[in-house]
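Reading the structure
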Amino acid sequence: MLAETICSAVSAAGLGIAAIAAYRKRFLSAARIAAYALVPLGLVMTGAVAWIAGTAFSPVAWAGFGLLGLAWLLFLSTRAVERRRAGGGRAAVAEPAPRAAAPGAQAPPRAVTGKPRTAEPTGDDFSDIEAILKKHGI
């Protein structure tokens, strides 16, 4: 009885807010608020609120929910054991081999090891830059 009264009051308050929104020319939000406000009243009229209130205070219903939870845990545990048994007999999946780099592609960056990078001695450090500049006519 109390739940039905609360749902009716919530619906009435929501419809009042929807009316205020419609008065302010916000018809889309007024329609949305009215839709939300009618849900509790619809639940009361269908008897869903009475069923939920009766279920919430029933020890038999709570025992039923407990049994459903236990059944769910049993399904999950048997599924996990089944997967473990099926996965144990198979050979390990090999990692894919790295793909060959395309000609002219740059090498991937080196992993950071924490060691300072030493400069590799080359004859002319700017020869590659000069080649690029010459190629573009600069």
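Just above, that's the structure.
The present account deals with the structure reproduced in this document. (Residues numbered from 1 in each chain as written. Predicted model: local features only at pLDDT ≥ 70, side-chain atom pairs only at ≥ 80, totals over all residues. Heavy atoms only, no water.)

Thoughts on the overall build of the protein chain
Each helix and strand counted, the protein chain has five helices and zero strands in total. Of the contacts made within the protein chain by residues no fewer than 6 positions apart, 36% connect residues no fewer than 24 positions apart. A total accessible area of about 12600 Å² is found for the protein chain, and carbon and sulfur atoms account for 68% of it. (Helix = DSSP H or I, 4+ residues; strand = E, 2+ residues; numbered from the N terminus. Contact = heavy atoms within 4.5 Å. Areas by Shrake-Rupley, 256 points an atom, 1.4 Å probe, with all protein chains shown as cover.)

A few points about the packing of helix α1 (residues 2-23) against helix α2 (residues 27-46)
Between α1 and α2, the shortest axis-to-axis distance is 8 Å and the interhelical angle comes to 170°. In terms of their interaxial angle, α1 and α2 are classed as roughly antiparallel. By crossing handedness, the relation of α1 to α2 is classed as left-handed. When α1 is examined against α2, the residues Glu4, Cys7, Ser8, Val10, Ser11, Gly14, Leu15, Ile17, Ala18, Ala21 and Ala22 are found in contact with a partner set consisting of Phe27, Ser29, Ala30, Ile33, Ala34, Ala37, Leu38, Pro40, Leu41 and Val44. For the contact of α1 with α2, the residue count by class is 16 nonpolar, four polar and one charged. (Axes fitted to C-alpha atoms, helices over the stretch in contact; angles between N-to-C directions. Parallel < 35°, antiparallel > 145°, perpendicular 65-115°, else oblique. Left-handed = near helix turned anticlockwise from the far one by under 90°. Nonpolar A, V, L, I, M, F, W, Y, C, P; charged D, E, K, R; others polar.)

Observations regarding the environment of Gly16
Relative to the helices and strands, Gly16 is located in helix α1. Taking the C-alpha atoms as reference, Gly16 lies 9.8 Å from Ala30; in sequence the two are 14 residues apart.

A short note on the side chain of Ser11
The residue Ser11 is located in helix α1 in this model. On the accessibility criterion, Ser11 (1% relative accessible area) is buried. Setting aside anything within four residues of it in sequence, one finds Ser11 in contact with Ala37, Pro40 and Leu41. (Buried < 20%, exposed > 50% of the residue type's maximum accessible area, 1.4 Å probe, protein only.)

Quick word on a nonpolar patch on the surface
Where nonpolar side chains cluster on the molecular surface, the patch consists of Phe126, Ile129, Leu133 and Ile138 and spans about 430 Å² of accessible area. The topology assignment puts Leu133 in helix α5 (residues 127-135). The class of Leu133 is partly exposed, set by a relative accessible area of 37%. (Patch = residues over 30% accessible without salt bridge, like charges linked within 9 Å, V, L, I, M, F, W, Y side chains within 5 Å. Salt bridge = Lys/Arg side-chain N within 4 Å of Asp/Glu carboxyl O.)

Let's talk about the side chain of Thr55
Mapped onto the fold, Thr55 is located in helix α3 (residues 48-56). Its relative accessible area of 15% is what places Thr55 among the buried residues. In this structure the side chain of Thr55 is engaged in a polar contact, spanning 2.7 Å, whose partner is the backbone oxygen of Trp51. Those residues within four positions of Thr55 in sequence are excluded, and the remaining contacts are Ala61, Trp62 and Phe65. (Polar contact = N/O pair within 3.5 Å; in protein donor to acceptor, adjacent residues only side chain to side chain.)

Comments concerning α2
Taking 1.5 Å per residue as the helical rise, α2 with its 20 residues ought to reach 28 Å, and the 28 Å between its terminal C-alpha atoms agrees with that figure. Largest kink in α2: about 25°, centred on Val39, with the proline Pro40 one to four residues after it. Of the positions making up α2, those classed as buried are Ala30, Ala34, Ala37 and Pro40. On its buried side, α2 packs onto α1. Gly47 sits one or two positions beyond α2 and adopts a positive phi of about 90°. (Expected span 1.5 Å × (residues − 1). Bend = angle between axes of the 7 residues up to and from the residue.)

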